[in-house]
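The primary structure of each chain is shown beneath.
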Amino acid sequence: MSKIPLSVPHVKGNEWKYIKDCLDTGWVSSVGSYVDRFENALKDYVGTGFAVAAVNGTASLHVALIVSGVAPGDEVIVPALTFIAPVNAVKYCNAEPVFMDSDDTLCIDPKKAAEFLSEFGEVKDDGFTYNKKTGRRIKALVPVHVFGHPSDMDGLLDVSRKYNIDVIEDATESLGSTYKGRQTGSFGKLGCFSFNGNKIITTGGGGMIVTGDEKLAKRVRHLTTQAKSDPFEYDHDEIGYNYRLTNIQAAMGVAQMEVLDEFVSIKRKNAALYSRLLSGLDEAEFLGEKEWAKGNRWFYTLKVPAGHKAPLMQRLIREGIEVRPVWKLIHTLRMYQDCLAYRIEKAVEAYETCINIPASVSLKEEEIVYVAGKIKEYFKG
Ligand SMILES: Cc1ncc(COP(=O)(O)O)c(C=O)c1O
């Protein structure tokens, strides 16, 4: 068996054709019909009124936070268990992350967020919630739909309404996942996607900001295009960013959108096979999904007893199977150690016990059988 990667892109559709079209016509840079087509395809798919393409998911989160009104000195509630990008984006705004625990979906725990706010939050006359301990305004909450599993949106939206805190969804891993039948990314004031090489669809690198609010969408477009305020003169009315996506990348995105549903169904089928093959194993749990969720199953997570995480990973890597630990908790990293972290417990357990196993769309049935077999072999000693 040759090496089995964790997650690689699947490029088998119209990508060549559409990219060639860009090269043939000279429309290679940051405007072009593919950018429009990609934005339209994504907004129609997610069901938001507006979508703006951007250079990557991190930049998308940065701009989404700015336009939602996150200001220097504000606090933003983020998960402790996440890829670092949304937390860094909070810092790019000179705002402060407040780290929150996860629930058993690995996503932010709405009950803990509610508890934190009832303990520390105070709604003041200006209608905003302030942290009684720090005096800072708590402006936004960024749920990450971890590994493609939707966060418990009802709970989070309740918190958002009660405390007037904006929800900015980090849906970078969850394109194609639904919560109670509705696409992730469409619940928040804004939602952000990534088309990085390991995501369910890729443009090499890329991102998208979606929203139902036309004014916000216009401002996102303005900020991602250097805040240019005149089509001819070099006039700019604020400090903007060059966060645009190129037409070449968007061409790849259009082709990848055409096969997104097929990719989701392959990922779900492969998840079901892993789940079946690993179901008899007492020592390990292949994480499934809540009854209200229909995930894109972007990444597959295996939960094992804490002492087994490292040796199991080493064994699988020796057997040619690429695996990865889940992220180090961000509040334990040097740059974020002094930030507020509210009773992080489940996320600690997840870090100590969870690993990700191969999940590419191109994964073959015999490879899944091989990976599951090697996991079982490890536990049988
Ligand atoms: C949860 C999460 N947020 C944000 C990002 C950032 O996206 P990008 O790499 O496109 O900047 C990623 C992945 O890369 C991610 O997994």
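Residues numbered from 1 in each chain as written. Predicted model: local features only at pLDDT ≥ 70, side-chain atom pairs only at ≥ 80, totals over all residues. Heavy atoms only, no water.

1. Focus: the pattern of salt bridges
Inspection of the entire model under this criterion finds 21 salt bridges. For the salt bridge of Lys-374 with Glu-377, the shortest nitrogen-to-oxygen distance reads 3.5 Å. Separated by three residues within a single helix, Lys-374 and Glu-377 lie in helix α12 (residues 365–380), roughly one turn from each other. A relative accessible area of 16% means that Lys-374 is categorised as buried. (Salt bridge = Lys/Arg side-chain N within 4 Å of Asp/Glu carboxyl O. Helix = DSSP H or I, 4+ residues; strand = E, 2+ residues; numbered from the N terminus. Buried < 20%, exposed > 50% of the residue type's maximum accessible area, 1.4 Å probe, protein only.)

2. Description of the domain arrangement of the protein
One can read the domain layout of the protein as domain 1 (15–258) and domain 2 (260–380). Of note, the centres of domain 1 and domain 2, computed from C-alpha atoms alone, are 25 Å apart. Each partner contributes to the interface: domain 1 provides 51 residues, whereas domain 2 provides 38 residues. For the pair domain 1 and domain 2, the summed buried surface comes to about 3,800 Å²; carbon and sulfur atoms form 66% of the total. Among the residues domain 1 hides against domain 2, the three largest losses belong to Phe-99, Phe-147 and Ile-200. Together they make up 21% of the total. Applying the counting criterion to the domain 1 and domain 2 interface returns three salt bridges. Notably, a salt bridge pairs Glu-115 with Arg-343, separated by 2.4 Å at the nearest N-O pair. (Domains from an automatic or database assignment. Contact = heavy atoms within 4.5 Å. Buried area = accessible area lost by both parts, 1.4 Å probe.)

3. With respect to the sheet that holds strand β3 (residues 96–100)
Spatial strand order, β1-β11-β10-β7-β6-β2-β3-β16: eight strands in an open sheet with mixed pairing. At either margin of the open sheet sits one strand with a lone partner, and together these are β1 (50–54) and β16 (340–341). Judged from the five bridges that link them, β1 and strand β11 (residues 207–211) form a sheet pairing that is antiparallel. Counted as the bridge partner of Ala-53 is Met-208 from β11. Strand contacts of helix α6 (residues 153–163): β6 (138–141) and β7 (166–170), with the helix running at about 145° to β7, the strand carrying the most contacts. (Pairing = 2+ DSSP bridges. Axes fitted to C-alpha atoms, helices over the stretch in contact; angles between N-to-C directions.)

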